[in-house]
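Coordinates in review
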Amino acid sequence: MLYGISSYFKKSFLFALLFSLVSILTNKSVAQESEEKEVFKPHHQIGISINHVHVFEGRDDEENREVLSLPAWGVDYTFQFHKNWAIGLHTDFVIEKFKVEKVYANDDDNETVERSYPIAPALMGIYKPSESWSFLLGFGGEFAKEENYFLTRVGAEYGYELPKNWEIFGTFSYDLKWNAYDSWGIGLGIAKNFGGK
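Bear in mind that the values here come from a model prediction, so they are computed numbers and not experimental data. (Residues numbered from 1 in each chain as written. Predicted model: local features only at pLDDT ≥ 70, side-chain atom pairs only at ≥ 80, totals over all residues. Heavy atoms only, no water.)

For the protein, the helix and strand inventory stands at one helix and ten strands. In the protein, the succession of helices and strands from N to C terminus is α-β-β-β-β-β-β-β-β-β-β. Long-range pairs, those at least 24 residues apart, make up 55% of the contacts in the protein with a sequence separation of at least 6. (Helix = DSSP H or I, 4+ residues; strand = E, 2+ residues; numbered from the N terminus. Contact = heavy atoms within 4.5 Å.)

Set out below in structure tokens:
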């Protein structure tokens, strides 16, 4: 049990360190840019994305190890309250049943569990060093009828503004599910800004 917790905290520390380093480096480059012509106004954003979630600890019907690539939807709400900072509720919906080995299980024999259409919302803190880039870190849960897991999510997004407050974006995220397994996802989405943008 201690090994699983220790391994998890090492990963969490590395992600936090990486997030801090990216924040410092991008903050220096943003400071060198000229000031924006427009004054920032807080605004809301609602987005939807089509994603692929990848699980390295997947199992097939014969319990053999396989890497899973699962289809998923992402639904995101974000409130940007500062030019460089935002908060949001980002939710992933995996639209398949699958089997996975719990690699962070408490006992020596890792258990294989089934997951039925899990939903994974996370409350995210978002750092925006520029208009296009966002770096995310947050906590939430993965919920399925079999069992629920606490998760830590880290991610990055790149958005491209379109007319009339629309935006297309690419997203990458990594979920560490406590006492269970990890997954990472990539996706492409569209979002609409509301409010003072």
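In this section: the pairing of strand E7 (residues 133–143). In this structure, strand E6 (residues 119–127) lies alongside E7, joined through seven bridges in antiparallel fashion. Across the sheet, residue alanine 122 finds its bridge partner in E7, namely glycine 140. Linkage of E6 to E7, two consecutive antiparallel strands, is achieved through a turn of five residues. Summarising the sheet, E7 and strand E8 (residues 148–162) pair through eleven bridges and their orientation is antiparallel. Residue pairing in the sheet places leucine 137 in a bridge with valine 154 of E8. (Pairing = 2+ DSSP bridges.)

So, about the environment of glutamine 45. Of note, glutamine 45 is situated in strand E1 (residues 43–59). Overall, the relative accessible area of 16% leaves glutamine 45 in the buried class. Once residues within four sequence positions are removed from consideration, glutamine 45 is found in contact with Asp76, Tyr77, Thr78, Glu167, Ala191, Lys192 and Asn193. At 3.0 Å, the side chain of glutamine 45 forms a polar contact with the side chain of asparagine 193. (Buried < 20%, exposed > 50% of the residue type's maximum accessible area, 1.4 Å probe, protein only. Polar contact = N/O pair within 3.5 Å; in protein donor to acceptor, adjacent residues only side chain to side chain.)

Moving on: the nonpolar core. Grouped together as the largest cluster of nonpolar side chains are twelve residues: Val53, Val55, Leu68, Leu70, Ala72, Val94, Phe98, Val100, Val113, Tyr149, Ala180 and Tyr181. Elements supplying a minimum of two residues to this core: E1, strand E2 (65–80) and strand E4 (97–101). A per-element tally of this core places E2 first, with three residues. Listed in part, the seven residues of the second largest apolar core include Ala86, Ala120, Ile126 and Leu151. (Core = buried A, V, L, I, M, F, W, Y, C linked by side-chain atoms within 4.5 Å.)

We now examine the confidence of the model for the protein. Confidence in the prediction for the protein averages 85 pLDDT; 77% of positions are at 70 or higher. Taken element by element, the predicted model of the protein shows its lowest mean pLDDT in helix H1 (residues 2–32) (53) and its highest in E6 (98). Contacts of residues 1–5 to residues separated by more than four positions or lying in other chains number two contacts, the stretch itself having pLDDT below 50. Low pLDDT (under 50) marks residues 28–36, which in the prediction has four contacts with non-local residues, meaning those over four places away or in another chain. (pLDDT = per-residue confidence, 0-100.)

Within this structure, the stated rule accounts for nine aromatic pairs. Where tryptophan 133 meets phenylalanine 135, the ring centres are 6.0 Å apart and the plane angle is 5°; that geometry is what we call stacked. By relative accessible area, which is 39% here, tryptophan 133 ends up partly exposed. Among the aromatic residues, ring-to-ring pairing joins Phe98, Tyr149 and Tyr181 into one connected group. (Phe/Tyr/Trp six-rings, centres within 6.5 Å; stacked < 30°, edge-to-face > 60°.)

Looking down a regular strand, the side chains alternate between one sheet face and the other. Hairpin connection from E7 to E8: four residues lie between these consecutive antiparallel strands. With twelve bridges joining them, E8 and strand E9 (residues 166–177) adopt antiparallel strand pairing. Bridging from a neighbouring strand, valine 154 pairs with tyrosine 174 of E9. As consecutive antiparallel partners, E8 and E9 are separated by three residues, and within that stretch lysine 164 has a phi angle of approximately 60°, a positive value.

Take the side chain of asparagine 51 next. Here asparagine 51 is to be found in strand E1. Taking relative accessible area as the criterion, asparagine 51 reaches 7% and is therefore assigned buried. Only 3.0 Å separates the side chain of asparagine 51 from the side chain of serine 49, close enough to count as a polar contact. Those residues within four positions of asparagine 51 in sequence are excluded, and the remaining contacts are Leu70, Pro71, Ala72, Trp73, Gly74, Asp92, Thr171, Ile186, Gly187 and Leu188.

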